[in-house]
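One letter stands for each residue in the lines below.
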Number of protein chains: 2
Amino acid sequence: MTVTAAKGFRAAGVAGGLKEDGREDIAVVVNDGPEYSAAAVTTSNRVYAAPVAWTRSAVSDGSLRAVVLNSGGANACTGEAGYADAVATAHLVARSLDVAAADVAVCSTGLIGQRLDMRAIRRGVGMALEALTDEGGKAAARAILTTDTVPKTAALTGDFTIGGMAKGAGMLAPQLATMLVVITTDASVSRETAQLALDAAVEMSFNRIDSDGCMSTNDTVILLANGASGYRPEPEEFTAALTRVAQDLAAQLIGDAEGASHDIAIEVTGASSQDAGLAVARAVARSNLLKAAIFGNDPNWGRVLASMGTVPQASAPFDPDAVDVIINGVTVCRNGGIGDPRENVNMDDRLVTIGIDLKAGAESVRVLTNDLTYDYVTENSAYSS
Amino acid sequence: MTVTAAKGFRAAGVAGGLKEDGREDIAVVVNDGPEYSAAAVTTSNRVYAAPVAWTRSAVSDGSLRAVVLNSGGANACTGEAGYADAVATAHLVARSLDVAAADVAVCSTGLIGQRLDMRAIRRGVGMALEALTDEGGKAAARAILTTDTVPKTAALTGDFTIGGMAKGAGMLAPQLATMLVVITTDASVSRETAQLALDAAVEMSFNRIDSDGCMSTNDTVILLANGASGYRPEPEEFTAALTRVAQDLAAQLIGDAEGASHDIAIEVTGASSQDAGLAVARAVARSNLLKAAIFGNDPNWGRVLASMGTVPQASAPFDPDAVDVIINGVTVCRNGGIGDPRENVNMDDRLVTIGIDLKAGAESVRVLTNDLTYDYVTENSAYSS
């Protein structure tokens, strides 16, 4: 159910001492071949962490042998010294595995603006390299957590296996979250197919969750493919399977978003294009007012319309006087005006589904978010990340 | 200190029964001339309330005789019937004052998606018209409040007087807030100057506050000018005075934003243009993560940089590795990296000043926002607006 579900991968998660409470904080994932195709999608934030800079360069040739990840420090906004720390971490792993440092990706998560404790990194990486096994995926998934309450893992098995782990709670945003994801597969996949498939899968999964509109400096999704199954899927088949695993992990991320009490699915139909539907869905997903109302079990459709109205006509053509809003099956707004009584809406379930029919085309889009709660404020005022 | 500070204006605020708790909910402001110049700025939301549609039309000739305002109902998303209610309200006032209905602006605030109680409107408007006096400005300022904790009024007197009242708490956004503002002056101002001056004043005041990124369906700022002072200021003089009054009211709005415990001033310097500085300031002002950290008295500069990084290079050219962040006078981030210790930052005062030096030009911009607190969640989950 994780990065060691597929054949030919080893992993480990250990406590190197970066986290003060003694939990696991260093993970290593190793691809034992025979192939080493790799792809990555990283944050679109202009302020990106040192390990992101390193990983972009390492994966640029479409090949990786290993990934080393740490929680307990983002190594972001740490200047040239921080970049040297990321490089040194890659070298530690490379030397032990007898591979090139340029084949080792590095991921970090935690507080921005502090140097990593390199003594703890060296100790932890050394321990992790000793502990590598083909059953180490669970420990690795624990080692990348910060404010997450549970590890997130997923896998899919058929002619080949895809397995993955994810970290993320809060800072979930449309262009990736404070989110580290490693997905491994024993399918035989070319470097080009790996990147195309990962781009497509990320677009339909991690880019469709939006917790609080904030985008991290460290977001990274990495795919490693080694062909150990001996099976070479068609690109479409592989992309579809990869997308399912990514969507599974994305749903777990939103389900564990900081302090949420309701998941909210925003389902836009009748959009003139995918982009138009996404623009509307994201505007609604980012309304603090709506998200606070949902926390209060108030199916406040006026706030849905008010958010939709902030999207420029050029981005999403629709007639405000034609729109329907359907909350948990009740059409509370019909043709932009008063629909069925909001009292009819049952808000008992954790999932709240907000349907929006734009009546402007045939495209549909689904974006996941969650409500705004006391716990969100607590976690993000008390935790420096 | 309010809409009756200037000569030749009468006002009233009464309880018509729209608010269940018996507080004032209907206000009328009347311009007794001799001139009737008027200007308005209304919401940029594509979903706008019936009274906004009416008011845009009423003010389009640059002239108004009166404004009628109600809290206890937004009359938004109420279709043609709701529009007829707004028109009927204007007619009620017009008939009593013996002016054209097209010279009466209408403003509403409250819950979206419900018809107004027109019996209460008729009763309240009738009472208000009876109660009009040149000392009614304070009662009028009370009658437009919703979740506000205090009325907001301001005035400036010299060769002429400008006075105003504002309503707004929460939903404060860069393109106007759930905000009703009426400003009156006894200066003699042409219709053209009135609109130009109001546009300029709004841009430097209400468009520079950003509480939660949500934009209302009902936002309206109205200026009435009657020349009763006999003084005709130069356009520049008038614009400067109007801007000061608008900034005074804007600061009061942000100070009373729902549940805030810290005001936050984001002061961007070294921007390549005003637009670039605004793009950066607003991205920072909208970071829930930063605003929750400030609530926790955590000068979390990493979240400042992470928000800045979401602004596209084309919108705001700057080098992330050159940026300084100064929180309450302490340069916590220097050249994009670690600066002075965050422990040095004193977070005791209500006002937190976040300076951002982009080192990319000579323009400066100041945007006001506030922190994200438990009370914000409480008010917006419990109050249907």
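Residues numbered from 1 in each chain as written. Chains lettered and ligands numbered in written order. Predicted model: local features only at pLDDT ≥ 70, side-chain atom pairs only at ≥ 80, totals over all residues. Heavy atoms only, no water.

Asks: I tried to follow the pattern of salt bridges on my own but got confused; where do I start?
Replies: Note that side chains of opposite charge can pair when their charged atoms are close. One pass over the structure, following the stated rule, counts 22 salt bridges over all chains. Residues Arg 10 of chain A and Asp 32 of chain A are paired through a salt bridge, measuring 2.7 Å at the closest nitrogen-oxygen approach. You can see Arg 10 of chain A sitting in strand S1 (residues 9–14) and its partner Asp 32 of chain A sitting in the loop between strand S2 (26–31) and strand S3 (37–42), a full 22 residues away along the chain. Linking Asp 21 of chain B and Arg 23 of chain B is a salt bridge whose minimum nitrogen-to-oxygen distance equals 2.7 Å. Residue Arg 23 of chain B is classed as partly exposed on the basis of its relative accessible area, which comes to 37%. (Salt bridge = Lys/Arg side-chain N within 4 Å of Asp/Glu carboxyl O. Helix = DSSP H or I, 4+ residues; strand = E, 2+ residues; numbered from the N terminus. Buried < 20%, exposed > 50% of the residue type's maximum accessible area, 1.4 Å probe, protein only.)

Asks: How should I be thinking about the pairing of strand S5 (residues 104–108) of chain A in this particular structure?
Replies: The side chains of a regular strand alternate, first on one face of the sheet and then on the other. Residue and element names in this part refer to chain A. In terms of burial, S5 is largely enclosed, as five of its five residues are buried. What you see with S5 is no split at all: Val 104, Val 106 and Ser 108 on one side and Ala 105 and Cys 107 on the other are buried throughout. Between the parallel elements strand S4 (residues 66–70) and S5, the chain passes through helix H2 (residues 79–97) in a crossover that is right-handed. (Right-handed = clockwise from strand over helix to strand, strands pointing away.)

Asks: What exactly am I supposed to notice about unusual backbone geometry here?
Replies: Negative phi is the rule for most residues except glycine; trans is the rule for most peptide bonds. Here the amide bond leading from Gly 33 of chain A into Pro 34 of chain A is cis, since omega sits at 15°, within 30 degrees of zero. Residue position: Pro 34 of chain A is located in the loop between S2 and S3. Of note, Asp 98 of chain B is a non-glycine position whose phi angle comes to about 60°, a positive value. Locating Asp 98 of chain B in the fold gives a position in the loop between helix H2 (79–97) and strand S5 (104–108). Positive phi values are uncommon outside glycine, yet Asn 328 of chain B reaches one of about 45°. For Asn 328 of chain B, the position within the fold is in the loop between strand S11 (324–327) and strand S12 (330–334).

Asks: Can you help me understand a negative patch on the surface in this one?
Replies: Residue and element names in this part refer to chain A. Together, Asp 159, Glu 234, Glu 236 and Glu 237 make up a region of like negative charge exposed at the surface. With respect to the helices, strands and loops of the structure, Glu 236 is situated in helix H6 (residues 235–255). Residue classification places Glu 236 among the exposed residues on the basis of a relative accessible area of 58%. (Patch = residues over 30% accessible without salt bridge, like charges linked within 9 Å, V, L, I, M, F, W, Y side chains within 5 Å. Areas by Shrake-Rupley, 256 points an atom, 1.4 Å probe, with all protein chains shown as cover. Lys, Arg positive; Asp, Glu negative; His and termini not counted. Charge placed at Lys NZ, Arg CZ, Asp CG, Glu CD.)

Asks: What exactly am I supposed to notice about the environment of Arg 208 of chain B here?
Replies: Counting through the fold element by element, Arg 208 of chain B comes out in the loop between helix H5 (191–203) and strand S9 (220–225). Expressed as a C-alpha distance, the spacing of Arg 208 of chain B and Ile 266 of chain B, which sit 58 residues apart in the sequence, is 10.0 Å.

Asks: I keep staring at helix H1 (residues 50–59) of chain B and nothing clicks. Help me out?
Replies: At 3.6 residues per turn, the α-helix brings residues three or four places apart onto the same side. The element H1 of chain B is extensively covered by neighbouring structure, given that seven of its 10 residues are classed as buried. On the buried face of H1 of chain B, the contacting elements are strand S3 (37–42), H2, S5 and S9 of chain B. (Contact = heavy atoms within 4.5 Å.)

Asks: Is there a simple way to think about helix H9 (residues 301–308) of chain B in this case?
Replies: The buried fraction of H9 of chain B amounts to eight of the eight residues, a majority that puts the element mostly inside the structure. Restricting attention to buried positions, one finds in H9 of chain B the residues Trp 301, Gly 302, Arg 303, Val 304, Leu 305, Ala 306, Ser 307 and Met 308 of chain B.

Asks: How do you make sense of the packing of helix H7 (residues 274–285) of chain A against helix H9 (residues 301–308) of chain A when you look at a structure like this?
Replies: Relative placement of two packed helices is described by the angle separating their axes and the distance separating the axes. Residue and element names in this part refer to chain A. Viewed as axis vectors pointing N to C, H7 and H9 meet at an angle of 125°, and their least axial separation amounts to 8 Å. On the basis of their axis angle, the class for H7 and H9 is oblique. Every pair of crossing elements has a handedness; the one defined by H7 and H9 is right-handed. Taken together, the residues of H9 that come into contact with H7 (itself represented by Val 280, Ala 283 and Val 284) are Val 304, Ser 307 and Met 308. Grouping the constituent residues of the contact of H7 with H9 by class yields five nonpolar, one polar and no charged. (Axes fitted to C-alpha atoms, helices over the stretch in contact; angles between N-to-C directions. Parallel < 35°, antiparallel > 145°, perpendicular 65-115°, else oblique. Left-handed = near helix turned anticlockwise from the far one by under 90°. Nonpolar A, V, L, I, M, F, W, Y, C, P; charged D, E, K, R; others polar.)

Asks: Just checking my understanding: could you explain the sheet that holds S3 of chain A for this structure?
Replies: By way of backbone hydrogen bonds, the strands of a sheet pair with one another, either parallel or antiparallel. Residues and elements named next belong to chain A. With mixed pairing, five strands are arranged side by side in an open sheet as S3-S9-S8-S7-S6. Edge strands, defined here as strands with exactly one partner in the open sheet, are S3 and strand S6 (152–157). Averaged over neighbouring strand pairs, the angle between their axes works out to 10° when direction is ignored. Summarising the sheet, S3 and strand S9 (residues 220–225) pair through six bridges and their orientation is antiparallel. (Pairing = 2+ DSSP bridges.)

Asks: I tried to follow the environment of Arg 65 of chain B on my own but got confused; where do I start?
Replies: Residues and elements named next belong to chain B. For Arg 65, the position within the fold is in the loop between H1 and strand S4 (66–70). We classify Arg 65 as partly exposed; its relative accessible area is 26%. Considering only alpha carbons, one finds Arg 65 and Leu 97, 32 residues apart in sequence, at a separation of 8.8 Å. Other than its neighbours up to four places away in sequence, Arg 65 contacts Val 29, Val 30, Asn 31, Tyr 36, Val 99 and Asp 103. Polar contacts involving the side chain of Arg 65 include one to the side chain of Tyr 36, which spans 3.3 Å. (Polar contact = N/O pair within 3.5 Å; in protein donor to acceptor, adjacent residues only side chain to side chain.)

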